[in-house]
Amino acid sequence: MTQHGASAPFPLAGVRVLDLSRALSGPYVGRLLSDLGAEVVKVEVPGTDITQAFGPRSHGHSGLYVQVNTGKTNISLDLTTEAGAELLRELAGRAHLVVENFRPGTLDRLGVGWSALSGRNPSLVMLSISGFGQWGPEATRQAYAPVLHAETGLLGRQAEVDGAKPNDLVMSLADSVAGLHGMISVLAALRVAEQTGAGQHIDLSMFEAMLATDDYTHYSLEGTYPVWPARGTIYEIAGGPLLVAGDLKFLWHRLSRGHGLTDPDPTAETSVRIAARAQVIKDWVEGFTDRASAIAALESAGVAYAEIRTPATLMESPTAVAREVSAQVDDRDGGTRPVIRMPYRFSAASCEPRAGAAYVGEHNADVLGRWLGLAAEQVADLERDGALLPAQLPEPAEGTR
């Protein structure tokens, strides 16, 4: 049974958000807020969001851009002009939250940093995501996800465990982790603002978010080496590779008890016996002539396993199909395109993407009219004077990148 709570109320309905961020960590927070019911206005300068370069392009948007910006409205301010900066200050005066991930100091130089915005709105919450924090010896470094993967020890640890050269992840993990921690901090700060009327500035570094989330950081704290990798082992069985989860001691206990696996030489020294047990397990798992029998044997012994899914097969997962993990949003050309749902299944609340991704500047008149009471003629004047950048509509017949 599908349970998306589409007819139930959205938990964050009525919350107004200005999303000044680009790339991934900040926009991800904005997408979460939007799906939970907040009105999220993306403030964007044309050509500055690098997510437009990732994924298939359709009707002016890339796949990644749609994924993190679905449901937001969009205005385009030129913050290098005083009129554009003043518009942002006025909008912040009517917002509950501002999300930004500029390099520390950038917004202050433009006159729209925390001091300027909170001066207009004492109850404002502002989330600033950066690589190494708003202050400190590395605060102004460029910090994309791969930089944080390396600096927080993830790549070095993986290389040590694998006995291989360091190699980056095929995922912007640091951005996603920072976005999730950012969301938690925002909800906490909004609650304080609601109770006390006092806003605050949240300084969230991707570096600290990674360390706080990594279940191996304790090795670095206490200097206890070597690292014991609690990870799965991949075996080549009939029909393709299969991951089996659990350390060797656990697997040997389950499989020897459930299927009679025995030590080749019980009297051998520990290191030799461990290597021999690993080989016995490998031979046993890979010895099945059909995949179903191997999986059934692992299940009967209480051993966890997993299919090695690829981008081409991921959405064939029985769970992905049954729980409808993707949703269709407006593709801006009369059709739809898919996005991943946020994983919150409330019993009495809604969490859903409510619209497709907007074009840059598409909602200049709408947002400034509703938030600031500006007439269409006033918005047109601001566009003509350069404080607002006109809507950037897609070129016709774009291909797939």
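Residues numbered from 1 in each chain as written. Predicted model: local features only at pLDDT ≥ 70, side-chain atom pairs only at ≥ 80, totals over all residues. Heavy atoms only, no water.

Right, let's get into the overall build of the protein chain. Counting its secondary structure elements, the protein chain contains 16 helices and 13 strands. Reported as C-alpha extents along the three principal axes, the dimensions of the protein chain are approximately 85 × 50 × 40 Å. Within the span of the protein chain, comprising 401 residues, buried residues form 42% of the whole. As displayed, the protein chain has an accessible area near 20400 Å², and 56% of this comes from carbon and sulfur atoms. Computing the positive centroid from 33 side-chain charges and the negative centroid from 47, the protein chain places the two 3 Å apart. (Helix = DSSP H or I, 4+ residues; strand = E, 2+ residues; numbered from the N terminus. Buried < 20%, exposed > 50% of the residue type's maximum accessible area, 1.4 Å probe, protein only. Areas by Shrake-Rupley, 256 points an atom, 1.4 Å probe, with all protein chains shown as cover. Lys, Arg positive; Asp, Glu negative; His and termini not counted. Charge placed at Lys NZ, Arg CZ, Asp CG, Glu CD.)

This brings us to the sheet that holds strand S6 (residues 97–100). Taken together, the 6 strands give an open sheet; going across it, the order is S5-S2-S1-S6-S7-S8, and neighbouring strands pair in parallel fashion. In the strand order of this sheet, the two ends are held by strand S5 (73–75) and strand S8 (200–205), each with one partner. Averaged over all pairs of adjacent strands, the angle between their axes in this sheet comes to 20°, without regard to strand direction. Here strand S2 (residues 39–43) pairs with S5 via 3 bridges, running parallel. Bridge pairing in S5 places Val 43 opposite Ile 75. (Pairing = 2+ DSSP bridges. Axes fitted to C-alpha atoms, helices over the stretch in contact; angles between N-to-C directions.)

This paragraph deals with the confidence of the model for the protein chain. In the predicted model, the protein chain carries a mean pLDDT of 94, and 97% of its residues have values of at least 70. Low pLDDT, under 50, characterises residues 397–401; the stretch is placed with 11 contacts to residues that sit more than four places away or in other chains. (pLDDT = per-residue confidence, 0-100. Contact = heavy atoms within 4.5 Å.)

Side chains that differ in sign of charge can pair as their charged atoms come close. Across all of its chains, the model carries 20 salt bridges by this definition. Linking Asp 263 and Arg 277 is a salt bridge whose minimum nitrogen-to-oxygen distance equals 2.7 Å. With Asp 263 in the loop between helix H11 (248–259) and helix H12 (270–285) and Arg 277 in helix H12, this residue pair connects regions lying 14 residues apart in the sequence. For Asp 263, a relative accessible area of 19% puts it in the buried group. One salt bridge in this structure joins Asp 381 and Arg 384, with 2.1 Å as the shortest N-O distance. Remark: Arg 384 and Asp 381 occur in helix H16 (residues 376–385); sequence separation between them is 3 residues, near one turn of the helix. With relative accessibility at 33%, the residue Asp 381 sits in the partly exposed group. It is possible to trace a salt-bridge network through shared partners that takes in Arg 16, Glu 39, Asp 366 and Arg 370. (Salt bridge = Lys/Arg side-chain N within 4 Å of Asp/Glu carboxyl O.)

Extensive coverage of strand S7 (residues 125–130) is indicated by the burial of 6 of its 6 residues. Burial along S7 is two-sided: Val 125, Leu 127 and Ile 129 and Met 126, Ser 128 and Ser 130, pointing in opposite directions, are all buried. Relative to S7, S6 runs parallel, the two being bridged by 4 bridges. Each bridged residue has a counterpart across the sheet, and for Val 98 the counterpart in S7 is Met 126. Note that S7 and S8 share 6 bridges and pair parallel. In the strand pairing of S8, Ile 129 is matched with Leu 204.

A few words on helix H7 (residues 154–162). Those residues of H7 not exposed but buried are Leu 154, Leu 155, Arg 157 and Ala 159. In this fold, the buried residues of H7 make contact with helix H6 (145–151), helix H8 (173–196) and helix H9 (206–213). Looking one or two residues beyond H7, the residue adopting positive phi is Gly 163, at roughly 65°.

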